[in-house]
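Structural overview
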Amino acid sequence: MTREEIALAPNMPKCWNPETKPHKFCPGCGHGLALKMLGEAIDELGIQDKVVFGCDIGCSLLSWDFFNLDSVQTHHGRTTPVITGIKRARPEIIGIAYMGDGGGYAIGAQHLVNSATRNEKVTAILINNTNYGMTGGQMAPTTLPGQKTETTPYGRDPEETGYPTLGPEMVASIAREGAYVARGSIANLRQLKKYLKKAIQNQIDGNGFSFVEVMSSCPTNWRTNAKETWSFVEKDMAEYFHVGEFRVPGQKEEK
Amino acid sequence: MSEKPVKGERRVFMTGNEVCAWAALAAEADIMYGYPITPQTDIMQYWTRLGPKFGRKFLQTEDEISAGFTTVGGVIAGKRAFSATTGPGNTLFQEPMSMAEMMRIPTVVIIPQRGGPSTATVIYSQQEVTMTTFGGNGEGFRIVYSTAGHQDLYDYTIKAFNTAWKYRFPTFVLGDGYQAKMREPLTIYDPAERGIKMVETEPLVGLPGTPGVDRPAQYLRNTYNTEEELYDVVMDIAKDYEKAAPEIIEWQDFDTDTEMDVLILAHGVVSRSAQGALPLLKDEGIRAGHFRPITLRPMPEEQMRRAAAKAKRILVVESAYGQFLKLVKQSLYGMDKPIDTLLRPGVGVTAEEIVDRIKEGR
Ligand SMILES: Cc1ncc(C[n+]2csc(CCOP(=O)(O)OP(=O)(O)O)c2C)c(N)n1
Ligand code: SF4
Ligand SMILES: [Mg+2]
């Protein structure tokens, strides 16, 4: 281990697999931060022996050996049904489906919608980075109006391509009693961890579907430096996507 | 689990779909995932009526992509999970089944073929042979049983679970709408009483103990970084598949011991017409034999070639426009045998039609 690695080691969540670190996400990528909060949430809940972690195709696939958790890497958009299938077969397992915004809101939207309406007792975590990271920065359902991507080189025109998907709002409006729905951000990690913990606890309690969208960064495809990256997450994205809990079991809706 | 759904042996008169549901029960299947499509839906309907009495589960999914991937999930969780679909549903199943091929996930799927292409008919065909044997972006590392009737449906649905779990390849029971909807007499039985032991299932995720502490974590994946890495994985699967093939292949032959004027090649329910044609042809003074592969994948190639070697000509008969023919040509490659065809996409074939075709010559 280098000095730097030794210095970093104590910060690593216990359920991370140290042998696969440093991880393979680009520098400044929000996936790593989200997975750190997820790791801490799992540690604090003490459920490392009960979780099955599923990751999608997209940059989320880079987490296939990220944790010391039994893990399955699936197909683009299909992590929700794989985890649903596991959970239905073995309800004692805590199933976590980890995906990108393309995976959850475009190609796998039918699975997200129907798992939510059926109130499947699984936890879905979706990384909103406003583009298709893995394939090199094309428009995603979450791309902001005016945002330039590889397939919207002149900026996203909502007239031609529609408006960005508001995922948690949509899920909250179709989910049943017992569902937990929130949107967090890598700009507020404490809050994000709280949401993730609640989303997993909600499954443990057998209440119903749990969904957390994470506003995240993709400096590689945004072609932004550190300052611009944070500004995009904290200002541009935050203007459009609102952080908060959209559904909490046993509680009135709050924003 | 509660008491056995099938005790001893029982003579019954059922539709093929009902037979499949009973067979899955008898085979100790734990959970079915599915999406309705005719002529498969009755399997789900019988399963949802019978299953809960024996502690078995069911999930109706949002589509067949989901049915396939939830089935994959059920299997990797260590349960004897299965599904059933056909036609456009089978098309959607190809994506999850390619994942099952790559990751050696022993799914079982029952396919009562309907007409194609597209939505076509809900009645009958043999037009899902290519898709079921070699569908998806893959190499066809699958096992496909083509059934000819209700006893077959019972026997091979039970067997499919054991073959899948023993060899760890996705396994299909390929029937058709006639078999699904018709009633026939058959014997249903408790597999144990016939000495059939169900192969134990095993979880691939959700193992006991804490990963990284008591044992290594399970990492299942189908994505690889380099060409070489992928090549090694695929070649390993190919090696296992080739090794298992001789143990898996099944076939039937009829009057193929002697020299033949014609050898009829047919599979599934069309084989019954071929069997029916043999005595009629004998009356006409034509020496005919029939070879029926029961497994279309892997194909009993050597056995087919041995039968073909004794015949002057080959006649391939199927309810599709040459899908089985393609598999036959591949199996008989290099043999100098004229091949005639009776190709009837999406419609049945009678024994008389086969006789007429043979009498009419090329
Ligand atoms: C069926 C299918 N279609 C397309 C692709 C190509 N593909 C791989 S990743 C991806 C987009 C990933 O974007 P997202 O889900 O937002 O994840 P990110 O990489 O941004 O984290 C696409 C389109 C695929 N793998 N499978
Ligand atoms: S491409 Fe974007 S989302 Fe993917 S690892 Fe790099 S920064 Fe992260
Ligand atoms: Mg994305």
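What you see is a predicted model, and the numbers here were worked out from it, not measured in a lab.

1. As for the overall build of chain B
Secondary structure summary: chain B contains 12 helices and 15 strands in total. The C-alpha radius of gyration of chain B comes to 21 Å, within 12% of the 21 Å expected for a compact globule of 362 residues. When each of the 362 residues of chain B is scored for burial, the buried share is 61%. Of the contacts formed within chain B by residues at least 6 apart in sequence, a portion of 80% connects residues at least 24 apart. Total accessible area computed for chain B in this model is approximately 14,400 Å², and 51% of it derives from carbon and sulfur atoms. Positive and negative charge centroids in chain B, built from 41 and 47 side chains respectively, lie 3 Å apart.

2. A few points about the side chain of Arg104 of chain B
Mapped onto the secondary structure, Arg104 of chain B falls in the loop between α4 (88-103) and β5 (108-113). From its side chain, Arg104 of chain B meets the backbone oxygen of Arg168 of chain B in a polar contact 2.9 Å long.

3. Section: the coordination of the magnesium ion (ligand 3)
Around a metal, the idealised angle for a tetrahedral arrangement of four donor atoms is 109.5 degrees; for an octahedral arrangement of six donor atoms it is 90 or 180 degrees. Residues and elements named next belong to chain A. Within the protein, Asp101 (OD), Asn129 (OD1) and Asn131 (O) serve as the donor atoms for the magnesium ion (ligand 3), at 2.1 to 2.2 Å. Donor residues binding the magnesium ion (ligand 3) come from one chain and are separated in sequence as D-x27-N-x1-N. Under the relative-accessibility criterion, Asn131 is labelled buried at 3%.

4. Points about the packing of aromatic side chains
Applying the stated criterion to the full structure yields 16 aromatic pairs over all chains. A centroid spacing of 5.4 Å and a plane angle of 65° characterise the contact between Tyr240 of chain A and Phe241 of chain A, whose relative ring orientation is edge-to-face. Ring centres 3.8 Å apart and planes at 10° place the aromatic pair Tyr124 of chain B and Tyr178 of chain B in the stacked group. Here Tyr124 of chain B, found in the loop between β5 and α5 (129-134), pairs with Tyr178 of chain B, found in helix α7 (residues 177-181); they are 54 residues apart in sequence, far enough to count as distant. Residue classification places Tyr124 of chain B among the buried residues on the basis of a relative accessible area of 1%. Residue classification places Tyr178 of chain B among the partly exposed residues on the basis of a relative accessible area of 32%. The ring of Trp22 of chain B carries the charged tip of Arg10 of chain B above its face, separated from the ring centre by 5.6 Å.

5. A short note on the domain arrangement of chain B
Residue and element names in this part refer to chain B. For chain B, the assigned domains are domain 1 (9-194) and domain 2 (252-360). Using only C-alpha atoms to locate each centre, domain 1 and domain 2 end up separated by 26 Å. Counting residues at the interface gives 27 residues for domain 1 and 22 residues for domain 2. Counting the surface lost from both domain 1 and domain 2, the interface buries some 2,000 Å², and carbon and sulfur atoms represent 52% of this. Its largest share of buried area at the contact with domain 2, domain 1 owes to Gln126, Ser146 and Ala148, together 29% of the area lost on that side. Close ionic contact of Arg272 with Glu184 constitutes a salt bridge, the shortest N to O distance being 2.4 Å. One can count 17 residue pairs in polar contact (both at pLDDT 80 or more) joining domain 1 with domain 2.

6. So, the nonpolar core
Counting residues in hydrophobic clusters, the biggest one holds 89 residues, and the most contacted among them are Ile86 and Phe211 of chain A together with Ile76, Phe82 and Tyr154 of chain B. If one sorts the elements of this core by residue count, helix α6 (residues 150-167) of chain B sits on top with nine residues. With residues near it in sequence (within four places) discarded, Ile86 of chain A still touches Val52, Val72 and Ile93 of chain A together with Gly73, Gly74, Ile76, Ala77 and Val205 of chain B. Listed in part, the 44 residues of the second largest apolar core include Trp16, Leu61, Ile96 and Tyr98 of chain A.

7. Remarks on the site of ligand 2
Residues and elements named next belong to chain A. All residues in the neighbourhood of ligand 2 are listed as Phe25, Cys26, Cys29, His31, Cys59, Asn129, Gly133, Cys218, Pro219, Thr220 and Asn221. With three residues, the single largest contributor to the shell around ligand 2 is helix α9 (residues 219-222). When its residues are assigned to classes, the shell around ligand 2 shows six nonpolar, five polar and no charged.

8. What about the interface of chain A and chain B?
Listed as interface residues are 33 residues of chain A and, on the opposing side, 38 residues of chain B. For the pair chain A and chain B, the summed buried area comes to about 2,900 Å², and 57% of that belongs to carbon and sulfur atoms. Summed over the shared surface of chain A and chain B, the number is three salt bridges. Across the salt bridge formed by Arg118 of chain A and Glu62 of chain B, the nearest N and O atoms sit 2.8 Å from each other. Joining chain A to chain B, the criterion identifies 21 residue pairs in polar contact (both at pLDDT 80 or more). Of all elements in the fold, only β2 (70-73), α3 (79-89) and α5 (109-118) of chain A reach the threshold of two or more residues within the side of chain A that touches chain B. Classifying every residue of the side of chain A that touches chain B by side-chain character gives 13 nonpolar, 12 polar and eight charged.

Conventions we followed
- Residues numbered from 1 in each chain as written.
- Chains lettered and ligands numbered in written order.
- Predicted model: local features only at pLDDT ≥ 70, side-chain atom pairs only at ≥ 80, totals over all residues.
- Heavy atoms only, no water.
- Helix = DSSP H or I, 4+ residues; strand = E, 2+ residues; numbered from the N terminus.
- Rg over C-alpha atoms; globule rule 2.2 N^0.38 Å.
- Buried < 20%, exposed > 50% of the residue type's maximum accessible area, 1.4 Å probe, protein only.
- Contact = heavy atoms within 4.5 Å.
- Areas by Shrake-Rupley, 256 points an atom, 1.4 Å probe, with all protein chains shown as cover.
- Lys, Arg positive; Asp, Glu negative; His and termini not counted.
- Charge placed at Lys NZ, Arg CZ, Asp CG, Glu CD.
- Polar contact = N/O pair within 3.5 Å; in protein donor to acceptor, adjacent residues only side chain to side chain.
- Donors = N, O, S within 2.8 Å, 3.2 Å for Na, K, Ca; no water.
- Phe/Tyr/Trp six-rings, centres within 6.5 Å; stacked < 30°, edge-to-face > 60°.
- Lys NZ or Arg CZ within 6 Å of the ring centre and 35° of its normal.
- Domains from an automatic or database assignment.
- Buried area = accessible area lost by both parts, 1.4 Å probe.
- Salt bridge = Lys/Arg side-chain N within 4 Å of Asp/Glu carboxyl O.
- Core = buried A, V, L, I, M, F, W, Y, C linked by side-chain atoms within 4.5 Å.
- Near = heavy atom within 4 Å.
- Nonpolar A, V, L, I, M, F, W, Y, C, P; charged D, E, K, R; others polar.

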